[in-house]
Amino acid sequence: MIDLDQTQPLDVELHDIQWLYDDLGNFSLQVVSHLDEIFSTASLGRQGGDGALNWEVSMSGVGVDQLISYWPEKLAPPVRKWINDHIPRGTFRDITARHQGEQNQIPEISFTLLDGQLHLLDEQILVDTPEARGSLSQGMLSIGLDQAFLNGFALSDASVVISGIDERDQELVVDAKANGKLENLKKLLSLPKIDVLTDKD
């Protein structure tokens, strides 16, 4: 987690730039570069003089703190804050962000997360995973995990879906095969944010 107000200078090494423009107002810009030794590509375009800007950015690999420092402050700030607050550790690989349409829309993001950790339900649930595949679309974050550990449980064939990460309250759904002790299950189901057990249980 980093201070969201801090900014960091970028060491940019440009490799290739392509620019196309016509009299109808259509244009496209493509850039291949290294950002702080991270290979990246970026494209920006617009169809028609009054059309919305479309863009796509890809990075070969970037740490969580680096991603947050590169993320423009005015681009989907609730999503930027959610990632900063809930993914304290990990490296994003093959991350791609796409945006089409109105500028206030949330970009679509796909990624692989290596050696990652998620803090959920006010850090009551901790998920550790060696590798996860994820996507963000329309405020819904979907993560697939072949192997993971959640509050003492070994998970396999797991999926985590979080709706409304751009809103104040989110909905969490975890679907997985789990192995662990009954006592750990009782602790999990007794957490304040879950609280499905009675005193008799």
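Description of the structure in this document. Worth saying up front: this structure is predicted, and the values here are computed from it rather than measured.

1. Description of the environment of H86
Working step 1: Note on placement: H86 falls in helix α2 (residues 77-86).
Working step 2: Considering only alpha carbons, one finds H86 and L120, 34 residues apart in sequence, at a separation of 6.5 Å.
Working step 3: Ignoring anything within four residues of it in the chain, the contact list for H86 reads Q117, L118 and H119.

2. Here we look at the pairing of strand β5 (residues 89-99)
Working step 1: The pairing of strand β4 (residues 54-63) with β5 spans eight bridges and is antiparallel. Bridge pairing in β5 places M59 opposite I95.
Working step 2: The sheet contact formed by β5 and strand β6 (residues 108-120) spans seven bridges and is antiparallel. Its bridge partner being in β6, R89 is matched across the sheet by Q117.

3. Let's talk about α2
Residues lying three or four places apart along an α-helix face the same way, a consequence of the helix completing one turn every 3.6 residues.
Working step 1: Regarding α2, the residues found buried are V79, R80, W82, I83, N84 and H86.
Working step 2: In the core, the buried residues of α2 are packed alongside α1 (64-70), β6, β7 (125-137), β8 (140-150) and β9 (153-163).

4. Side note on the pattern of salt bridges
Working step 1: One pass over the full model with this rule turns up six salt bridges.
Working step 2: A salt bridge links E56 to R98; its shortest N-O distance comes to 3.3 Å. Of this pair, E56 sits in strand β4 while R98 sits in strand β5, placing them 42 residues apart in sequence.
Working step 3: Classification of R98 as partly exposed rests on a relative accessible area of 38%.
Working step 4: Note that D115 and R89 form a salt bridge whose closest N and O atoms lie 3.6 Å from each other. With D115 in strand β6 and R89 in strand β5, this residue pair connects regions lying 26 residues apart in the sequence.
Working step 5: You can call D115 partly exposed: its relative accessible area is 46%.
Working step 6: A cluster of three or more residues bridged by salt bridges with shared partners is formed by R89, D115 and D128.

5. Details of the environment of D16
Working step 1: Assignment of secondary structure puts D16 in strand β1 (residues 12-21).
Working step 2: Between the C-alpha atoms of D16 and Q30, which are 14 residues apart in sequence, the distance is 7.9 Å.
Working step 3: Other than its neighbours up to four places away in sequence, D16 contacts Q30, V31 and V32.

6. Examining unusual backbone geometry
Working step 1: Backbone geometry places A76, a non-glycine residue, at a positive phi of 45°.
Working step 2: For A76, the position within the fold is in the loop between α1 and α2.
Working step 3: The phi torsion at D94 lies on the positive side, around 50°, for a residue other than glycine.

7. Quick notes on the pairing of β4
The side chains of a regular strand alternate between the sheet's two faces.
Working step 1: Inspection of the sheet shows strand β3 (residues 38-46) paired to β4 by six bridges, in the antiparallel sense. Its bridge partner being in β4, S40 is matched across the sheet by M59.

8. Re the side chain of Q117
Working step 1: Within the secondary structure layout, Q117 lies in strand β6.
Working step 2: In terms of polar contacts, Q117 uses its side chain to reach the side chain of D128, at 2.8 Å.
Working step 3: With residues near it in sequence (within four places) discarded, Q117 still touches H86, I87, P88, R89, V127 and D128.

9. Concerning the packing of aromatic side chains
Each aromatic ring pair is specified by the distance between its two centres and by the angle formed by the two planes.
Working step 1: Scanning all chains against the criterion turns up one aromatic pair.
Working step 2: Both rings, one in F92 and one in F111, keep their centres 5.2 Å apart while their planes meet at 80°; by these two values the pair is edge-to-face. With F92 in strand β5 and F111 in strand β6, this residue pair connects regions lying 19 residues apart in the sequence.
Working step 3: Overall, F92 belongs to the buried group, its relative accessible area being 3%.

10. Comments concerning the side chain of T96
Working step 1: Here T96 shows up in strand β5.
Working step 2: A polar contact of 3.2 Å, which involves the side chain of T96, links it to the side chain of S58.

Rules and cut-offs
Residues numbered from 1 in each chain as written. Predicted model: local features only at pLDDT ≥ 70, side-chain atom pairs only at ≥ 80, totals over all residues. Heavy atoms only, no water. Helix = DSSP H or I, 4+ residues; strand = E, 2+ residues; numbered from the N terminus. Contact = heavy atoms within 4.5 Å. Pairing = 2+ DSSP bridges. Buried < 20%, exposed > 50% of the residue type's maximum accessible area, 1.4 Å probe, protein only. Salt bridge = Lys/Arg side-chain N within 4 Å of Asp/Glu carboxyl O. Polar contact = N/O pair within 3.5 Å; in protein donor to acceptor, adjacent residues only side chain to side chain. Phe/Tyr/Trp six-rings, centres within 6.5 Å; stacked < 30°, edge-to-face > 60°.

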